[in-house]
Number of protein chains: 2
Amino acid sequence: VIGTGLIGGTLLSQLQARIEELKRHRGIDFRVRGIMNTRKMVLADRHLNLERWRDELSASSKTADLESFINHVNAAHLPHAVLIDATGSAELTGHYESWLSTGINIITPNKKSNAGPFAAYRSLREAARKHQRYFLYETNVGAGLPIIQTLRGLIDTGDEIIKIEGVLSGTLSYIFNSMDGRRGFSEVVREAHSLGLTEPDPREDLSGVDVARKLIILAREMGLEKEMEAVRVESMVAEDLRAATVDEYLNTLGKHDQKITALLSSARDNGQVLRYVGAIDSNGDMSARIRSYPLDHAFASLTGSDNIVSFQTARYNSQPMIVRGPGAGPEVTAGGVFADLLRLASFLGAPQ
Amino acid sequence: VIGTGLIGGTLLSQLQARIEELKRHRGIDFRVRGIMNTRKMVLADRHLNLERWRDELSASSKTADLESFINHVNAAHLPHAVLIDATGSAELTGHYESWLSTGINIITPNKKSNAGPFAAYRSLREAARKHQRYFLYETNVGAGLPIIQTLRGLIDTGDEIIKIEGVLSGTLSYIFNSMDGRRGFSEVVREAHSLGLTEPDPREDLSGVDVARKLIILAREMGLEKEMEAVRVESMVAEDLRAATVDEYLNTLGKHDQKITALLSSARDNGQVLRYVGAIDSNGDMSARIRSYPLDHAFASLTGSDNIVSFQTARYNSQPMIVRGPGAGPEVTAGGVFADLLRLASFLGAPQ
């Protein structure tokens, strides 16, 4: 496990709670043999004691060193190796292909690899296939919600995707679900920021780039060879505030409230609500933008910071398939990574 | 493939459309070596031509014979055997355990096995584990919707199920979604019957037994050792109409409309709608009954014959995970069976 922040830490707690049970009742013997963060690492010949990994890591005299970490994990005497990248780093993703080639399976919630240049995306998959290793990333979209597996199942069985549409950002979901006309956009953004529901710099959410990344990942699952630039993204960060500091941004954001207030009242006059929605159709047309929906639409009843994804396909045509629920947060994201780990075990022969 | 009705026939069409592509681009070599219905069967040494299986089956001189069919499918010179039971028969399910024991994997949308006596349920799983074979049945609940895999992922990774609740019958979904106060219960039931949305005898849906079966299947996934009798089922078939013929039933059903009309107007007075809902909580308390929901509840916005399932867990607590969409019909059910077949291929070593 690389990364001991909220997701990595939560995953290690979830593993600790289940590891004995999985060994005893399912015959699956997971051993965490290395944990690394940006500063240090701890390596175990057999397996780490997950009850006190934090103490061992902080007491460790080993400086973080990616190469020796990888060599340790990929031990010849063990049947399978898997590396869990629980960071948001774009640096680690550059190593994925070589790790797959040396025999390591990879699981990650990190979107940076799948949303990067298409040539690297394809090359990574070819390496995985050639070396018969797995690269699993269900949590890239919707965290623990069944999105990517579901989409892949539809495509592999010959269903035809007509449109995928959804509220793909928990942050933007919260902001739009909370704008009730009484509070301006800026007030809701500041509230979301103070509740820790946005990135430290909320412009990373409000720019729509995170939604565009998720669209690209879904598009590529659909077999479309698309780059990020192909997504038409409506940014909610006004041009004159893009260079400001975070504090300046939060303090002066209000001067652009009028634009969204006008959209909101126009939608309300038509009995509709606003949502920030990512959409992709069968031609590969992709957009991330503010849209309005009537009150009886599934997207209108969204609350909190829920994600929602609607799959309209040849089989699910007049009535789409819809998955909804929290699409971010350490517990559900770590749970989704853990589910990928169990899926990997199944692929490698673990009994049902 | 046993069963050439709507589901089996659609599955064979879906397979035909994908089989070459899966072989060429995924390295998965599926061969349909036998097809059987209640009267006849057709067996192929290599594989059947799926473009003309109907002609071959009707021209076949071989009378349906389960034992020779099974022996043919479980050929020693092929690496893996899988039997797809696309019937609704309770007779075939009695053979599952012995088929698993002789080395055949089983995939089925048929609920009869999983909803049968718990002793047989447990024994079947022990046979699968002992002989290292797979028994897959994602389509038992919600057809192609990701319900059972999702639940299993939550449980296996240590999430705690607080409540599973849902509209689990497409027929009852349609009936309750269509009752708008202008038309009585009996009128909507007759319409659903004439549209082919109910069983030939609509009492099979209206009795709630199908919903109870799905609850039992979910309960057992949760590790609860429950029998069908444990579900408190509210039947919508009045006692005096249980022995009637289908025609008599449909013609006289109206005399009990008043009861549901009263429930409906009382719900409407409170700004609520009625839904027929199956629910199971962490204590194993199970009920299938009419409940009322406020208009902003996810169940209230249901349309058509959609299913909806809400998973409330320790991780998905204040905001549950929700899956919604068509939960019946040949295309989506066959697609779900096909997805199980691909899952089986992955478990048996097919590349990602």
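Residues numbered from 1 in each chain as written. Chains lettered and ligands numbered in written order. Predicted model: local features only at pLDDT ≥ 70, side-chain atom pairs only at ≥ 80, totals over all residues. Heavy atoms only, no water.

1. Digging into the overall build of chain A
Secondary structure assignment for chain A yields 14 helices and 11 strands. Dimensions of chain A, computed from C-alpha atoms along their principal axes, come out at roughly 65 × 50 × 40 Å. Classification of the 352 residues of chain A by burial places 55% in the buried group. Sequence separation of at least 24 residues holds for 66% of the intrachain contacts in chain A that already meet a minimum separation of 6. Total accessible area computed for chain A in this model is approximately 14900 Å², and 48% of it derives from carbon and sulfur atoms. Positive and negative side-chain charges of chain A, numbering 40 and 43 respectively, have mean locations separated by a distance of 3 Å. (Helix = DSSP H or I, 4+ residues; strand = E, 2+ residues; numbered from the N terminus. Buried < 20%, exposed > 50% of the residue type's maximum accessible area, 1.4 Å probe, protein only. Contact = heavy atoms within 4.5 Å. Areas by Shrake-Rupley, 256 points an atom, 1.4 Å probe, with all protein chains shown as cover. Lys, Arg positive; Asp, Glu negative; His and termini not counted. Charge placed at Lys NZ, Arg CZ, Asp CG, Glu CD.)

2. Comments concerning the environment of A:Met228
Residue and element names in this part refer to chain A. Relative to the elements of secondary structure, Met 228 occurs in the loop between helix 11 (209-221) and strand 7 (231-233). Put simply, Met 228 and His 80 are 148 residues apart on the chain and 34 Å apart in space, counted from C-alpha to C-alpha. Leaving out residues up to four positions away in the same chain, Met 228 has contacts with Ala 115, Val 209, Ala 212, Arg 213 and Ile 216.

3. Regarding the pairing of strand 9 (residues 286-294) of chain B
All names here are of chain B. Two elements, strand 7 (residues 231-233) and strand 9, share 3 bridges in a ladder whose sense is parallel. Each bridged residue has a counterpart across the sheet, and for Val 233 the counterpart in strand 9 is Ala 288. Pairing analysis gives 9 bridges linking strand 8 (residues 272-281) to strand 9, with the strands arranged antiparallel. By the bridge assignment for strand 9, Val 277 is matched with Arg 289. What sits between strand 8 and strand 9 in their antiparallel hairpin is a turn of 4 residues, with Gly 284 showing a positive phi close to 90°. (Pairing = 2+ DSSP bridges.)

4. Looking at the pairing of strand 8 (residues 272-281) of chain A
All names here are of chain A. Counting buried residues along strand 8, 8 of its 10 residues qualify, which places the element largely inside the surrounding structure. Direction of pairing for strand 6 (residues 161-167) relative to strand 8: antiparallel, over a ladder of 4 bridges. Following the sheet pairing, Ile 164 is matched in strand 8 by Ile 280.

5. Examining the interface of chain B and chain A
Tallying the contact residues gives 45 residues for chain B and 45 residues for chain A. Scanning the region where chain B abuts chain A turns up 4 salt bridges. The partner of A:Glu331 in a salt bridge is B:Arg315, with the nearest N and O atoms 3.9 Å apart. For the interface between chain B and chain A, the tally reads 17 residue pairs in polar contact (both at pLDDT 80 or more). Of all the secondary-structure elements, those providing two or more residues to the side of chain B that touches chain A are helix 1 (6-26), strand 5 (135-136), helix 7 (148-156), strand 11 (321-326) and helix 14 (330-347) of chain B. Examining the composition of the side of chain B that touches chain A, we find that 8 residues originate from one element, helix 14 of chain B, more than from any other. For the side of chain B that touches chain A, the class distribution of residues is 20 nonpolar, 14 polar and 11 charged. The sheet contact formed by strand 11 (residues 321-326) of chain A and strand 11 of chain B spans 3 bridges and is antiparallel. (Salt bridge = Lys/Arg side-chain N within 4 Å of Asp/Glu carboxyl O. Polar contact = N/O pair within 3.5 Å; in protein donor to acceptor, adjacent residues only side chain to side chain. Nonpolar A, V, L, I, M, F, W, Y, C, P; charged D, E, K, R; others polar.)

6. A short note on the nonpolar core
In a soluble, globular protein the nonpolar side chains are often hidden away together inside. Among the nonpolar cores identified, the biggest contains 148 residues, and A:Trp99 and B:Trp99 are the most heavily contacted of them. Every residue in contact with B:Trp99, bar those within four places of it in the chain, is listed here: B:Ile2, B:Leu66, B:Ile70, B:Leu83, B:Leu92, B:Ile104 and B:Ile106. In this structure, B:Leu22, B:Val32, B:Leu48 and B:Ala334 belong to the second largest nonpolar core, which totals 58 residues. (Core = buried A, V, L, I, M, F, W, Y, C linked by side-chain atoms within 4.5 Å.)

7. Description of the sheet that holds strand 10 (residues 306-313) of chain B
Pairing within the open sheet is mixed, and its 12 strands lie in the order 7(A)-9(A)-8(A)-6(A)-10(A)-11(A)-11(B)-10(B)-6(B)-8(B)-9(B)-7(B). Whereas interior strands pair on both sides, the edge strands pair on one side only; in this sheet they are strand 7 of chain A together with strand 7 of chain B. Geometrically, the sheet is characterised by an average inter-axis angle of 30° between neighbouring strands, direction not taken into account. Inspection of the sheet shows strand 6 (residues 161-167) of chain B paired to strand 10 of chain B by 6 bridges, in the antiparallel sense. Considered in strand 10 of chain B, the bridge of B:Val167 is made with B:Ile308. Contacts between helix 8 (residues 170-178) of chain B and the sheet are confined to strand 6, strand 8, strand 9 and strand 10 of chain B, with strand 8 of chain B contributing the most and set at about 155° to the helix. (Axes fitted to C-alpha atoms, helices over the stretch in contact; angles between N-to-C directions.)

8. Things to note about the relation of the copies chain B and chain A
For the pair chain B and chain A, the superposition axis carries a translation of 0.0 Å, the fit reaches an RMSD of 0.0 Å, and the rotation angle comes to 180°. With respect to symmetry, the two chain copies, as superposed, fit the operation of a two-fold axis. Mapped onto chain A, 100% of the interface residues of chain B are again interface residues, and the two copies thus contact each other with one and the same surface. (Least-squares fit on C-alpha atoms with pLDDT ≥ 70 in both.)

9. What about the packing of helix 8 of chain B against helix 9 (residues 185-194) of chain B?
The description of two packed helices rests on the angle between their axes and on the distance between the axes. Residue and element names in this part refer to chain B. Their axes nearest at 9 Å, the elements helix 8 and helix 9 cross at an angle of 135°. Judged on the interaxial angle alone, helix 9 and helix 8 are oblique. The crossing of helix 8 and helix 9 is right-handed. Of the residues in helix 9, those in contact with Tyr 174, Ile 175 and Ser 178 of helix 8 are Phe 185, Val 188, Val 189, Glu 191 and Ala 192. (Parallel < 35°, antiparallel > 145°, perpendicular 65-115°, else oblique. Left-handed = near helix turned anticlockwise from the far one by under 90°.)

10. A closer look at the pattern of salt bridges
A complete count under the given rule lists 34 salt bridges over all chains for this structure. Each of A:Lys111, A:Asp210 and A:Lys214 takes part in one network of salt bridges that share partners.

11. With respect to the sheet that holds strand 4 (residues 105-107) of chain A
Residue and element names in this part refer to chain A. Taken together, the 3 strands give an open sheet; going across it, the order is 3-4-5, and neighbouring strands pair in parallel fashion. Edge positions in the sheet fall to strand 3 (82-84) and strand 5 (135-136), since each has one partner strand and no second. Direction of pairing for strand 3 relative to strand 4: parallel, over a ladder of 3 bridges. Bridging from a neighbouring strand, Leu 83 pairs with Ile 106 of strand 4.

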